[in-house]
2 protein chains.
Amino acid sequence: MKKYNIINWFVVAVLFFSVAGCTTNNKGKAKGQTTSTATIDPLPSWNESKNKTDIINYLVAVTDKNSPDFIPVKDRIATFDNDGTIWSEQPAYFQLFFAIDEIKALAPQHPEWKNTQPFKAVLDNDMKTIAQSGERGLLKLVMVSHAGMSTRKFKSIVKIWADTAKNPTKHVLFTALVYKPMLELLIYLQANHFKTYIVSGGGLDFMRAIIPELYGIPSEQIIGSTGKTAYDYNNGDPVIIKLAQLDFIDDKDGKPININ
Amino acid sequence: MKKYNIINWFVVAVLFFSVAGCTTNNKGKAKGQTTSTATIDPLPSWNESKNKTDIINYLVAVTDKNSPDFIPVKDRIATFDNDGTIWSEQPAYFQLFFAIDEIKALAPQHPEWKNTQPFKAVLDNDMKTIAQSGERGLLKLVMVSHAGMSTRKFKSIVKIWADTAKNPTKHVLFTALVYKPMLELLIYLQANHFKTYIVSGGGLDFMRAIIPELYGIPSEQIIGSTGKTAYDYNNGDPVIIKLAQLDFIDDKDGKPININ
């Protein structure tokens, strides 16, 4: 599949911020503290914390030509994890709920799934068995169930799902469960000419169907796990067909290998 | 390895231009034709041909908000082949000469190469046997000979080679053998806010060591063939190590699969 490099020639600014420190209220703001009317707070949803001050000081320094920490625009890159970092991963990876919904929708065409794991576990709502198969099991579930489908068709299915499916515990659209402080951080970085990337263990086609509009990050700056694909000329309307085989798990050590 | 997508969400403007139609003289210019002093020719090295007029008309149309062919800036993408398109591939792929020079330099550490193909052919200057192994054979030659080396070290070796090695028939640096009309076209597209990509069968690390400075195309917009790699924490100075195994040949059907 796809090869890409965002390390070479660039100083990679990998920013890790704990979402745990962010809330949408201002309890952390020191009493009596006022905001200057002359400046706009770039991170209004963040507590007035050391994390917030460090980020602002960092961006002031790297964009100041007279600072020793100055980074030229072409070298400004910030990469982010996704699940549990920019959107929620509770009560499980969002992609797992997509996979479950899809398996159930496709089950009538696959009577054999009733007696084949991991499909049986999905159809029996056996979340424990599904969870035990981990990220790899989840990706396989999505890949096997959509083998033979074009990436274009797959993405249109994901979009429809994202526009309608609701989180089982929060009862709102999954796309509503994005951390506001992190969206502010993305916008703040982009306004300072950082190229922002998502580098996630999540499925590439799944993320690219949802994230560009949701976060304002272009498709080609989203890097994730992939299945093997095949090219089909398709009588002059070429398509890329998804195969039932994992290509690369973009997680742990896989992340630095994959962005090289 | 690296997964990336430049198709989704974008209208991909794949531009194929034959270099055969370009020369640096103006023999093709109609007699008596004058250039307006009010406009600057964006493609001065091109013959006054239908190809040139078509390109200029195309760029005027897609950047005109009132044209039915208008393309929003975010969707402006142009992809180019490299060998024989932007730089020469005569008398053979430039990367082959790099591989030959490297094999000869590394041979003292590998006495077994004297009796092992394809290394024997290289050491014997047996170009016919080398050529028969094709693009795949060439990539294997580079990969096997540099297995165990970090991508960083590999790129520094390529840079030194590019700064010194000369084409055996033209007797100038390989980096001097870039088609001027194509560089003009790249600049013309970039000035009109096209994101320009190289999508080539050439080795990814090899191209990324040379092309960004030579063509003004950033490293992450260069897509090519890859070998497998491994991540090494290396006591806190992490590196990506090249392995002696092909990962993906970015040629023919591989190109659409790889840019998806």
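What counts, and at which threshold
- Residues numbered from 1 in each chain as written.
- Chains lettered and ligands numbered in written order.
- Predicted model: local features only at pLDDT ≥ 70, side-chain atom pairs only at ≥ 80, totals over all residues.
- Heavy atoms only, no water.
- Helix = DSSP H or I, 4+ residues; strand = E, 2+ residues; numbered from the N terminus.
- Buried < 20%, exposed > 50% of the residue type's maximum accessible area, 1.4 Å probe, protein only.
- Contact = heavy atoms within 4.5 Å.
- Areas by Shrake-Rupley, 256 points an atom, 1.4 Å probe, with all protein chains shown as cover.
- Pairing = 2+ DSSP bridges.
- Salt bridge = Lys/Arg side-chain N within 4 Å of Asp/Glu carboxyl O.
- Expected span 1.5 Å × (residues − 1).
- Axes fitted to C-alpha atoms, helices over the stretch in contact; angles between N-to-C directions.
- Parallel < 35°, antiparallel > 145°, perpendicular 65-115°, else oblique.
- Left-handed = near helix turned anticlockwise from the far one by under 90°.
- Nonpolar A, V, L, I, M, F, W, Y, C, P; charged D, E, K, R; others polar.
- Phe/Tyr/Trp six-rings, centres within 6.5 Å; stacked < 30°, edge-to-face > 60°.
- Lys NZ or Arg CZ within 6 Å of the ring centre and 35° of its normal.

Caption draft 1: Molecular detail of the overall build of chain A. Regarding its fold elements, chain A presents nine helices and five strands. When the helices and strands of chain A are placed in sequence order, the string is β-α-β-α-α-α-α-α-α-β-α-β-β-α. The burial tally for chain A puts 50% of its 260 residues in the buried class. In chain A, 65% of the contacts between residues at least 6 apart in sequence involve partners at least 24 apart. Taken as a whole, chain A presents about 12,600 Å² of accessible surface, with 56% of it coming from carbon and sulfur.

Caption draft 2: Expanded view of the environment of A:Pro212. Looking at the secondary structure, you find A:Pro212 in helix H8 (residues 204-215). Separated by ten residues in sequence, A:Pro212 and A:Ile222 place their C-alpha atoms 8.3 Å apart.

Caption draft 3: The pairing of strand E4 (residues 222-232) of chain A, seen in detail. Residue and element names in this part refer to chain A. The pairing of strand E3 (residues 195-203) with E4 spans three bridges and is classified as parallel. Bridge assignment links Ile-198 to a residue of E4, and that residue is Ile-222. Relative to strand E5 (residues 239-248), E4 is paired through six bridges, and the arrangement is antiparallel. Looking at E5, one finds that Tyr-231 is bridged to Ile-240. Between E4 and E5, which pair antiparallel in sequence order, lie six residues; one of them, Asn-234, sits at a positive phi of approximately 55 degrees.

Caption draft 4: Looking closely at the pattern of salt bridges. Under the defined criterion, the tally for this structure stands at 26 salt bridges over all chains. Its salt-bridge partner being B:Lys159, residue B:Glu213 comes within 3.9 Å of it at the nearest N-O pair. Taken together, the residues B:Glu213 in helix H8 (residues 204-215) and B:Lys159 in helix H6 (residues 151-164) connect sequence positions 54 residues apart. Where salt bridges share partners, they join A:Asp41, A:Glu48 and A:Lys52 into one cluster.

Caption draft 5: How the structure looks around helix H1 (residues 50-62) of chain B. Residue and element names in this part refer to chain B. The first and last C-alpha atoms of H1 sit 18 Å apart over 13 residues, in line with the 18 Å expected at 1.5 Å per residue. Every buried residue of H1 is accounted for by Lys-52, Ile-55, Leu-59, Ala-61 and Val-62. Where H1 is buried, its residues touch helix H7 (180-191).

Caption draft 6: Geometry of the packing of H1(B) against H7(B). Residue and element names in this part refer to chain B. Relative to each other, H1 and H7 sit at 15 degrees, their axes nearing to 11 Å. When the axis of H1 is compared with that of H7, the two are roughly parallel. By crossing handedness, the relation of H1 to H7 is classed as right-handed. Contact residues: H1 offers Ile-55, Ile-56 and Leu-59, while H7 offers Leu-185, Tyr-188 and Leu-189. For the contact of H1 with H7, the residue count by class is six nonpolar, no polar and no charged.

Caption draft 7: Spatial organisation of the packing of aromatic side chains. All names here are of chain A. Taken as a whole and judged by the stated rule, the model has 24 aromatic pairs over all chains. With a centroid separation of 6.5 Å and 45 degrees between ring planes, the pair formed by Tyr-58 and Phe-194 is classed as tilted. Separated by 136 residues along the polypeptide, Tyr-58 in helix H1 (residues 50-62) and Phe-194 in the loop between helix H7 (180-191) and E3 bring together distant segments of the chain. Plain terms: the ring middles of Trp-113 and Phe-119 are 4.3 Å apart, the flat faces sit at 5 degrees to each other, and that makes the pair stacked. Both residues of the pair, Trp-113 and Phe-119, belong to the buried class. Directly above the ring of Phe-154 sits Lys-242, whose terminal nitrogen or CZ lies 4.2 Å from the centroid.

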